[in-house]
Amino acid sequence: MGARAGRRGGRSKEQRGQHGRPLVLPPPARHPLPFAVVLPAILIALVAVGWTRDDIVEKEVSEIWIRKSGQYHEDKEYAEAVRGETDGQGRGGTSNFAAMAVARDGGSLFTAERLEEIRKRMEIVERETKVEYKGNTFTYDDLCASNNVGEGTTYKTPCFRLSPMDYFREAEWFFDEEDRVTYYKKVYQDLVVAPRLERFGALTQVCLPPGQNAEWCETNDQPAFVNCSCAHTYRLRTEPAYAIENGYPASYANPFSLFSDIGNLENNDRCKICIEEGFEGIITQLSEGMAAMLNLYKAKLQQLIADESSTEDDVAKANEELGIIEKMESDLSRASIESFNHYFTTRGLYAEFGAAIYQLRYADGMATADPNTGVTLSGLCLLLRQDPDYCAASIDLATAKEHLTRHADNGFSSTNAGGLPFPFFGETADGSTALFAGTDPFSGSGIDLSGGESLGFPGQPLQGLGYLMPLAASDEPISFNSTGYQLIATDPMLVWYKSSLIDAGDVKCANENIPGTSGLGPIDAATAQGMADVSPQWCTKFNNNGTGTQQSQQDVARMWYDLLVDSDSFLSVKQGTTTPYSWTMGQGCGHQLMGQRFSYTGQSEEDILSNMSNPLYYWDEGEILGVLDKALLIADATDSVFQSGYFFLSNPEDIAERRWEEAWSEGWDDDSSSNVTFSGFFDDSGAVGTTGRMLDEITLSSGTLMTISFIIIIVVSALFLFSFDVVRSRVLLTIVGVLLVILTFFAALGVAILSGLKLNITVGWTLPFILIGIGVDDMYIVSLALTNTLTEKDFVEKMASVVSPVTMTSLVVFSMFAVMNVSDIPAVYVTARCGMISVAFLWLMMITCFPAYCYLDIKRQNAGRCDVLFCMKKREQQTNVDAGDGNRGMSGYVYDFVYKPLVIKDGIARLLFGIFVLAASLALLGVSIWGLVSRTTIGLGLEDFFPDSHQASVWAHESADHLASWPITMNWGKKYKYWSCACPIDVKSKLFLSNLPGALDYGNPDVQLKMIKQFEDVLGSPHVSETETIQLWLANFLIWTTRHCDENFAKQYADRRECGMDQVYQTDNSTCAGEWVRNDVSLANKVFAEDGKDECVPLEGGICRPASQMHHEDLADLEANGLYNPTVDDENTSYCPVFRSTSEEKLKFCVERWRTMTGGGGNLVLIEGTDSESATCPGETVPDGEIQSPIPLSQGPIMFGKDLFSHEETVALIEETRAFCDDDPEVHCWMSGIPYDYFEQYLYVDSLLAQIGGYALLAVFCVSMTFLLLKVGQERRHGKLKTLVGSSVGSALIALTGLISMVTVSGLSSLAGVSLTSFSVMSYVLSAGYATEYSVHIVHRWLRAPSYIGTSKDRVEHTMEFLFLPTFLSFVSSTVGILCLAFTDFHFNEVYFFRPLLIVALATYFYGCYLLPFVLSVLDFDVFKLGPASSGHESQADLLPTDNDGIKSPRSDDEISKAIEGEREEEGNQGTIEVPTVVVPQTEKSDDAQ
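The following paragraphs examine the structure supplied in this document. Source: prediction; values computed, not measured. (Residues numbered from 1 in each chain as written. Predicted model: local features only at pLDDT ≥ 70, side-chain atom pairs only at ≥ 80, totals over all residues. Heavy atoms only, no water.)

1. Quick look at the overall build of the protein chain
And step 1. Within the protein chain, the secondary structure is distributed over 50 helices and 20 strands.
And step 2. Looking at the protein chain residue by residue over its 1490 residues, the buried ones come to 57%.
And step 3. The long-range share in the protein chain, meaning contacts at least 24 apart out of those at least 6 apart in sequence, stands at 77%.
And step 4. Roughly 59600 Å² of accessible area belongs to the protein chain as shown, and the carbon and sulfur atoms make up 54% of that amount. (Helix = DSSP H or I, 4+ residues; strand = E, 2+ residues; numbered from the N terminus. Buried < 20%, exposed > 50% of the residue type's maximum accessible area, 1.4 Å probe, protein only. Contact = heavy atoms within 4.5 Å. Areas by Shrake-Rupley, 256 points an atom, 1.4 Å probe, with all protein chains shown as cover.)

2. So, the pairing of strand E1 (residues 94-103)
And step 1. Among the ten residues in E1, nine count as buried, and that is most of the element.
And step 2. Here nine bridges tie E1 to strand E8 (residues 641-650), and the two strands are oriented antiparallel to one another. Across the sheet, residue Met100 finds its bridge partner in E8, namely Gln643.
And step 3. Where E1 and strand E9 (residues 676-682) come together, seven bridges link them in antiparallel fashion. In the sheet register, Phe97 faces E9, and the bridge partner there is Phe682. (Pairing = 2+ DSSP bridges.)

3. A closer look at the state of the cysteines
Here is the idea: a disulfide is a covalent bond, and it sits between the sulfur atoms of two cysteines.
And step 1. Scanning the entire structure with this criterion turns up nine disulfides.
And step 2. In this model, Cys207 is linked to Cys274 through a disulfide, with the two sulfur atoms separated by 2.0 Å. Because the torsion about its S-S bond is -105 degrees, the bridge between Cys207 and Cys274 counts as left-handed. Separated by 67 residues along the polypeptide, Cys207 in the loop between helix H9 (177-206) and helix H10 (216-219) and Cys274 in helix H14 (residues 270-306) bring together distant segments of the chain. Taken as a pair, Cys207 and Cys274 share a single burial class, namely buried.
And step 3. Residue pairing for Cys381: its cysteine sulfur links by disulfide to Cys391, the two sulfurs lying 1.9 Å apart. Its torsion about the S-S bond being -70 degrees, the disulfide of Cys381 and Cys391 is classed as left-handed. Of this pair, Cys381 sits in helix H17 (residues 377-385) while Cys391 sits in the loop between H17 and helix H18 (397-409), and the two are ten residues apart along the sequence.
And step 4. When its relative accessible area of 2% is taken as the criterion, Cys391 is described as buried. (Disulfide = S-S within 2.5 Å.)

4. Comments concerning empty space enclosed by the protein
And step 1. Tallied over the full model, the rule gives nine cavities of 30 Å³ or more.
And step 2. Roughly 180 Å³ of internal volume is contained in the second largest cavity.
And step 3. Around the second largest cavity, the lining is made up of 16 residues, and of these Glu943, Ala960, Ala964, Trp966 and Leu1204 lie nearest the centre.
And step 4. When residues of the lining of the second largest cavity are traced back to their parent elements, those giving at least two are helix H36 (942-945), helix H37 (951-962) and helix H43 (1207-1220).
And step 5. The dominant element in the lining of the second largest cavity, judged by the number of residues it contributes, is H37, at four residues.
And step 6. Grouping the amino acids of the lining of the second largest cavity by side-chain chemistry returns nine nonpolar, six polar and one charged. (1 Å grid on protein atoms, 1.4 Å probe; cavity = no way out; pocket = protein on both sides within 12 Å on 5 of 7 lines; lining within 4 Å. Points joined across faces, edges and corners; volume = space filled by probe spheres on them. Nonpolar A, V, L, I, M, F, W, Y, C, P; charged D, E, K, R; others polar.)

5. Quick notes on the packing of helix H4 (residues 32-51) against helix H28 (residues 731-754)
And step 1. Two numbers describe how H4 lies on H28: the axes approach to 8 Å, and their chain directions differ by 45 degrees. Comparing the axis directions of H4 and H28 gives the class oblique. By crossing handedness, the relation of H4 to H28 is classed as left-handed. Only Leu740, Leu743, Thr744, Phe746, Ala747, Leu749, Gly750, Val751, Ile753 and Leu754 of H28 make contact with H4, whose side of the interface consists of Pro40, Leu43, Ile44, Leu46, Val47, Val49, Gly50 and Trp51.
And step 2. The residue makeup of the contact of H4 with H28, split by class, is 15 nonpolar, three polar and no charged. (Axes fitted to C-alpha atoms, helices over the stretch in contact; angles between N-to-C directions. Parallel < 35°, antiparallel > 145°, perpendicular 65-115°, else oblique. Left-handed = near helix turned anticlockwise from the far one by under 90°.)

6. Focus: the packing of aromatic side chains
And step 1. Going through the model one piece at a time under the given rule, you end up with 81 aromatic pairs.
And step 2. Taken together, a centroid distance of 5.5 Å and an interplanar angle of 35 degrees make the contact between Phe1388 and Tyr1392 tilted. Of this pair, Phe1388 and Tyr1392 both sit in helix H49 (residues 1387-1418), four residues apart, roughly one helical turn. As far as the burial class goes, Phe1388 and Tyr1392 line up, both buried.
And step 3. With a centroid separation of 6.4 Å and an interplanar angle of 20 degrees, the aromatic rings of Phe1406 and Tyr1410 are classed as stacked. Residue Phe1406 and its partner Tyr1410 are located together in helix H49, separated by four residues, close to a single helical turn. Per residue, the accessibility class of Phe1406 equals that of Tyr1410, and both read buried.
And step 4. Lying across the ring of Phe279, Arg199 places its NZ or CZ 4.4 Å from the centre.
And step 5. Across from the ring centre of Tyr72, 5.4 Å away, lies the NZ or CZ of Arg1218, which sits over that ring. (Phe/Tyr/Trp six-rings, centres within 6.5 Å; stacked < 30°, edge-to-face > 60°. Lys NZ or Arg CZ within 6 Å of the ring centre and 35° of its normal.)

Right under this line is the structure:
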C-alpha cells in the first residue's frame, strides 16, 4: 500500500502536467447504466415529443428564402404593422394562379382546335370545379378575388382573371346568364348607353347650328347665337367626303360612332365642353322649368277651385289634377329629369337616325311581291284602299321621320312589342288588328310625347310653360277647353310624369307575329307570312315583370325605348344574351362600336395570329385595366406556349388550391389525353402555394435515402472494426455508437422543433449527411482511443484526454454554425440553429452516453464474452502474438499497404505520390478559382426546384424559357428603423404609428410630382411591363381634382356630382380642386392621336399635358398666376396636375370623397369598421370608409417584371427599379413582389459567402488557438513564445485547410452546375467544418506528439498511425451515405445537396488526410514540438509511450503485463476490472490504434 502511495505521491510535476487538469469523467465508468439507459431514454422521449407535433415542416417559402433584415425587411415589417396583418407572411389575402398551356408536339397553339381545347379546360375549371371543405361546397365564384362591377353585383359578374383567350369571342363562355344580365344593366345601360344618349341631345340641340346643318358653319359667319363647337366632329362622322378631305377613310363617317365620340373626346375639346355644358344646361332648364310649370299650374288650378263661377266638373277635374301634381312634385328630382331627357332624346334619335334606313326598308317592303300572284304590297294596298297617297311605294325623309315618331308615340302591343312603324294597321270589325285596316303603326311605347305638334306647336318639353307664364300675370283662370290647356295636357314632361301614375294593365312583352291582312282569303296567308318575316324579336324573358309589382305606363315605355335602342336598327343588343365579346363598345384599339371580338372557329392559324397582333384587353376594353401586356401571357419566341390565364383567389384554403391545381393540370403527363399540356402554379400570397406544398412533400422525404445511408455507415464501420478475435471485435459497440449518433441527431431536431423552429429543406437534406458523419467520426475517435483500456483508471485517463480533441472539433463546428447566424436568410440561420443544437447534443452524447457503452464493452472483453453475442463466452483465450494481424481488421491492411507507403514511408512511391498530391492540389485550386471567377449564374429558380414528376415542372421550365414574369408593385410610407419586438401585432402597430408626423406629405405638390416621377421611371425600366400613369392612385386622384375628371359623365347617383371640383370642404368652404403647374420634373405627357389619322392609342402615357391640350379655363388660370404666357410659351409647354392641401384634414376629406366616387385605389389603410355595408347586397361594403390620416402607407398598381429569363436579369430588375425607388433619398419608396422577396439575396450572395466563410475560418482559428494555448500552456513544459508560435501556426494550418477546402468546393460546385445560392453557401461553409474535422485531430496530434519522436515525418507517422482509421472510416461512411443522394427523384436535391456534399467529402478528405500530412512532414522545426518530454523517472506505467492525448500506449506483451500487474497492485480489489489474457500484436503502436 505504501509502495502504491509512493508511486502515486511520487508522480512528478511533469507527469501531472502531462494531462494538466482536464475534465475527468469517472461516472460513465463507475455508474454506466444511467448514462447507457437513461440518456437514450431521454433522447427517445425528445424524438417522440418533438417529431409528433403538428406542422413541423416549414412550408412557407418566405420563412426559408426571404431576408429578415435590411431596409426592405424593415419596410415590409412597417407595412405589416400598419395593416395589422397577423399571419407573419405579409400576405395580401389573394393567391395568384398562373395557368399555362403548352403544345405537346412543340407546334403552334394558335389553331382553332387547340384554342378550343384550352377554352374547354378553362370552362371545366371555372364552372365545374368544386371544393368540399368543412361540410361546405365552394365554387370558383366563392373563391375568386373579384366578381363584381359595383355595388350589388357580387356573384353576378364573372370572376376577374387575365387571359389571352380574351382575344376571342369564344371567351364569352365565362359569362353565364346572370353575368350577362348584370353586364347589360350595369355596364351597357348605365355606363355606355345612358350617359351617351342623354348627351346626344345636347350635341344635336346645342352644339350644332339650327337644323343640324353643320356645313353651314363652314360657309357663314357664325352669329353669337349659333354654336358650331361640334360641327367638325359631326361632319367627320356623317359625311364621307368630309372625312376623306380631312385625312380619314370614308368608313370613318359612321353616325353611330358619334356614340363613342361623346365619351371619348378629351375634356378640353370644344365639342366635349359644349356637350357637357349643353347637357347641364338642358337638365337645369328642364328641372327649373318643370318646377315653375307645376307651381304655375297648381296656382291656376287652385284659383279655378276658388272661383265660385267654376263648374263642378271643372272643380273635380282641378282637384284631380292637383293630386297628380303633388305626386309628381314628390318624384321630381334630377334623376327623374335625366330619365325623361334620356327617353325623350331616344325618341328624337329614333326619328333622326332611323329615318334614312326606314325609308329604304319602306320602299323594299312595299315592293315585295307575292310569289304566286306577283302582286306587290303597294299594289295590294291600292286594291284595298284605292288611295295612292296612302299606298305610296316610297316616301321622303320627312315622312319617314313622321312614321317613326308616330311609332314611338303609339300604343303598346302585347302581341309584338317592337311592332312596325308602317302606318297601315287598324282594327277590323271583329276588334282584331289587321294590315291596311287603318293608319296607325303597330305597337309603340304607349306614351304620346308629340306634345302640341297636332296644334301646330313644336312639341317640345315645357310647351305648357309658354301658356302658363302670361296667364299667371293675369287674373284669368285656366280653362280646360282652351288651346292653352291642351298645351299643358300634352306637354311631354307632364305626360311622362303622369304616365308613372297610370297602371299599364295586363300587358306583356311578346314576340308573336304581326298580323297581315284580314278577310282576303289566300292573300291573308301570304301577307301573314310576309309580316312574320319582318316581325321584330325584341323581347327577352327578362322584359316581363316577374316581381309581382304593378307596372305603370312609364315602366312599359322605358322598356320599349330600351328595347328600341337594343334593336338591330340601333345598337343590336339582347339582354341576357349579349356579352362584351359579342358586342364591343369601340373603346379598345381594334374594336368597333357594335362589333364583336374575333372568333377562332373555322379560322386559319395565319388569321388567328394576325388578329393577335392587336392590343389585348380584358372585357372592359381597357376602360379600367387599360391594355394588357401580351409579353406576360404570350411567348414571343414560340407559338407553342402561352399563359392561359392569371386567376386570383381570395383567402383560399390549401385544399382549394390543391383541387384547383389538380383540375387544371389533369392529364398533364398523359400524352394521349390531348394535344395540349396544362400546368399551373400557385404563389404563396393568400395560402401555402405550389412551392409550399412541394416543400411539405420533399423536406422530410429523404427518409429512405437516409436509412440506406445509415445502414451503409453501420455496415462499413462494422466491417472495418471487425476482428476475427470475437472477444476483441467491436462490431456491436460500433453499431450502438452509430445508432446513438442517429438517435441524438433526431433528438436534437426534436428539441429544435420544441423550441419553435420548423424543419426546412436544408435541415432535411443537408444536416443528416453532414452532422451524422461528423458525429460518427467523433465516435470512432472515442471508441478507438479506449481500445486496450485495462482498468477504470485507464478508462478515466483516456476518456479525460480524448475529451479535448472531441470538444475542440465540436466547438469548431458549433462555431461555424454559430457564425451562420449572421445571415438574415432563414434557410441559413434556421439550419445553423438546428446545427448548433445538434452539435451540442452530439458532443454531450459523445462524452457521457457513448463512453458508458464503451466501458460496458471493455467489461465484456475483460469477461471474455463474444462480440454481438455477448451472452456467450469464448472458452479458450489465446496469447499467441502471431494472431495479431488477424485482429487488426481491414483498416490495418489499408494503412500498411496503401496509405503508409504513399504518404509516410520513404521511397519512390512517396516521392511520386507527394508530387501528385501537390500538383493535384494546385490544379484543384486553380480550376476552382477559375470556376469562381468564370461563374455566370447565380440563384435558384422554380425550374430547379420542381421534379419532372410534378406538373409544376412544366410550368416552371416553360415560364423560365418563354414567359418569365412576376407581379411587382411600389409602396410609399414612412421610413422606419425596425427593431425586434416580440409583441402582438397590435402593439407593433401602435409602436409604428406613434410618430406619424414623419409620414409622407401627400398634400405637398412636390411630393406628389416626385411620387409620380418615381412611378414613371420604374415603368421605364427595361424589365417592367408597360402601363399608364393614371393607374397610380395618386395620379388618378390628381386628375379627379381637375376639369379632366370624367366621373360626372356616368355618375352613380344623378343628384350627386362626383368630381373633386364639386366637393365642398365645409371647414373653409373650399373645394377639392386641383391646379396645374409647369412640368419641371420631366413627367410623361398624355399621348394623343394625331388629327387626321384614324389611329388608336392603346396606352395613354402620363397625366401631364402640353398647352395645346389644356382646358381653356386652366390656361386662363395659369396665365393669371404667371405660369403661362401665350406669347412666349409654345403649345408643347407641359403642365401637370397637383393638389395643394391646406391641412391633413382637408386632404383626408378629399381622398375619402375620391374613394367614394371612384372606388379608390392605392390600398390605403382604413380605420377598421368604417366602411358601410351595401344596402342592396349584404356582405358587400361600400368604399366610404375613413382612411388613416396622415396616410401611413399606400401602394401603386400591380405591375409585372418581364423578360426575367435568367436570375441575372431578375437581379437587374431589382437594381434598375430600386435605383428610382428604394434608393431615392427624398420620398421613401420601396419595391415589393416575388422578385424582391426571393431574389434580393442574390444582390449580396457573394458577400454572404465571403462574410460567413470569413467568420467561419476566423472561428476555426480562434477556437483552435484557444484550445492549443490552454492545452500546452497549462502543462508549463514549453516557453510562452514557443507555445504561442506553435499554437498560432497549428491554428493557421487548420484554418488554411478549411480555406482551400472552401475555395475548392465553391469552384468545383460552380463548374458542376451548382448556382451560388444560400443553399450552396451553407454547403461551401460546412466544407470548412468537414475539413477541420480532419485537420484539427491531425494537427493537434502532430503538435502534441511526444518529444522523443524526432523528425516531423516520424511525428506524422505517429499521428496518422492512430488517426488513419477514424478519418478513413468517417470519409468512407459519409461518402457512401452522400452517394445515396444521387438516387433522389428531385433534381433540385441532386444539384444543390448531392453535388456539393460529394465534393465536400472528397475535397476535404484529400486536403486533410493527404495534403496536410505532406505539409506537416516538411515543417521540421522545434517550435512545433509541443508534446510531453520523457524524464527517465516515470513509473513503469508512465514509461509507456504516450499518444497526443496523453493516453498510455503499451507496445509489447511485457509492457502490458507489467502495466496490468502494477495497476492491479495499485487498485487492490477496489474498482478492479477482470482482465483476460489478450493478444496485443507488436505492430500496435498505441491503445488508440485499435
